[in-house]
Amino acid sequence: MRAVVFYILACFVLAVACTGDRTNGNTEKPDSLPILVTKIQTCSRLYTTEYQVHKIVTHDDELTFNGTIFGHSFNWKIPAGSRKVAIPMFATLKGYIDFGGFSADNVRRDSTHIEIILPDPEVVLTSSKIDHGRVVDRVALLRSSFSDEELSSFERQGRQSIIESIPKLDIHERTRASAARMLVPILKQFGYREEDITISFRKDMNPDSIRVIDRTDNSL
């Protein structure tokens, strides 16, 4: 199976639940770290990034005849025995950060500066769908058409290919940037200047560390 990604459209989904109540311009630094941690935990699961992926899944096979004659093996391709199919499919990926386990270990601060170490981003494959009206197949006379079971198998392979391509999408950086835009106003409410705020991932974070969840419906 060969697969080609035709386009990837990334868009950011802004959330407002974690910003809480405004203080009419008044700021106050917390006297205790638990206040700040509790405030950030209200963000819960913050979805920040969405990708729409259009993928073409292709498959071809040929009918062959093989055996042995006088100790010599052979493998012949049978004319009019090939099948090919191109399956367009759409998938939706959503990147998020789960602040449910956020704790004081995610915060580093001194008298003026604060650093928030974000939990690892996670990605959910929320949907995938075959565009049946645009499926193109070429089936030779000696072959039967592709079955629904075969098309379903190719669709699963396409989903897996999309999941494997996630480290190349830079989704963890986009998720971090979007989360930072949501957290900075909260930290400013606690008296920190924007130039004194740092939002980062753990030092050994890399795209291959991203946890991917497939929540798609197995039906076509």
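To be clear, the structure that these remarks concern was listed above.
Residues numbered from 1 in each chain as written. Predicted model: local features only at pLDDT ≥ 70, side-chain atom pairs only at ≥ 80, totals over all residues. Heavy atoms only, no water.

A. Focus on the packing of aromatic side chains. This structure, assessed with the given rule, holds 2 aromatic pairs. Each ring, one from Tyr47 and one from Tyr96, has its centre 4.8 Å from the other, and the planes form 40 degrees; the classification is tilted. In this pair, Tyr47 sits in strand β2 (residues 45-69) while Tyr96 sits in strand β3 (residues 72-98), placing the two residues 49 residues apart along the sequence. By relative accessible area, which is 29% here, Tyr47 ends up partly exposed. Here Tyr96 falls in the buried class, since its relative accessible area comes to 0%. Taken together, a centroid distance of 5.8 Å and an interplanar angle of 55 degrees make the contact between Phe99 and Phe102 tilted. Classification of Phe99 by relative accessible area gives buried; the value is 0%. Phe102 sits in the buried class, given a relative accessible area of 2%. (Phe/Tyr/Trp six-rings, centres within 6.5 Å; stacked < 30°, edge-to-face > 60°. Helix = DSSP H or I, 4+ residues; strand = E, 2+ residues; numbered from the N terminus. Buried < 20%, exposed > 50% of the residue type's maximum accessible area, 1.4 Å probe, protein only.)

B. A look at the nonpolar core. By size, the foremost hydrophobic cluster in this structure holds 46 residues, and its most contacted members are Leu93, Phe99, Ile116, Leu118 and Leu183. Mapped onto this core, the elements with two or more residues apiece are α1 (33-41), β2, β3, β5 (114-117), β6 (122-130), α2 (148-165), α3 (171-189) and β8 (197-200). Per-element tally for this core: the top contributor is α3, with 8 residues. Ile116 has contacts with Ile40, Phe102, Asn106, Val107, Leu183, Leu187, Thr198, Ile199 and Ser200, leaving out every residue within four places of it along the chain. (Core = buried A, V, L, I, M, F, W, Y, C linked by side-chain atoms within 4.5 Å. Contact = heavy atoms within 4.5 Å.)

C. Spotlight on the sheet that holds β8. Taken in spatial order, the 3 strands line up as β4-β5-β8 in an open sheet, and their pairing is mixed. Edge positions in the sheet fall to β4 (107-109) and β8, since each has one partner strand and no second. For this sheet, the mean inter-axis angle between neighbouring strands, taken without regard to orientation, is 15 degrees. Strands in contact with α3 are β5 and β8; relative to β8, the strand with the most contacts, it is inclined by about 150 degrees. (Pairing = 2+ DSSP bridges. Axes fitted to C-alpha atoms, helices over the stretch in contact; angles between N-to-C directions.)

D. How the structure looks around the pattern of salt bridges. Evaluated as defined, the whole model comprises 12 salt bridges. With its nearest N and O atoms 3.4 Å apart, the salt bridge here joins Arg159 to Asp214. In this pair, Arg159 sits in helix α2 while Asp214 sits in strand β9 (residues 211-214), placing the two residues 55 residues apart along the sequence. The residue Glu173 makes a salt bridge to Arg176 at a minimum N-O spacing of 3.3 Å. (Salt bridge = Lys/Arg side-chain N within 4 Å of Asp/Glu carboxyl O.)

E. Expanded view of α3. Here α3 spans 28 Å end to end across 19 residues, near enough to the 27 Å set by a 1.5 Å rise per residue. For α3, the set of buried residues is Ile171, His172, Thr175, Ser178, Ala179, Ala180, Met182, Leu183, Val184, Ile186, Leu187 and Gln189. Downstream of α3 by a residue or two, Gly191 has a phi angle that is positive, lying close to 100 degrees. (Expected span 1.5 Å × (residues − 1).)

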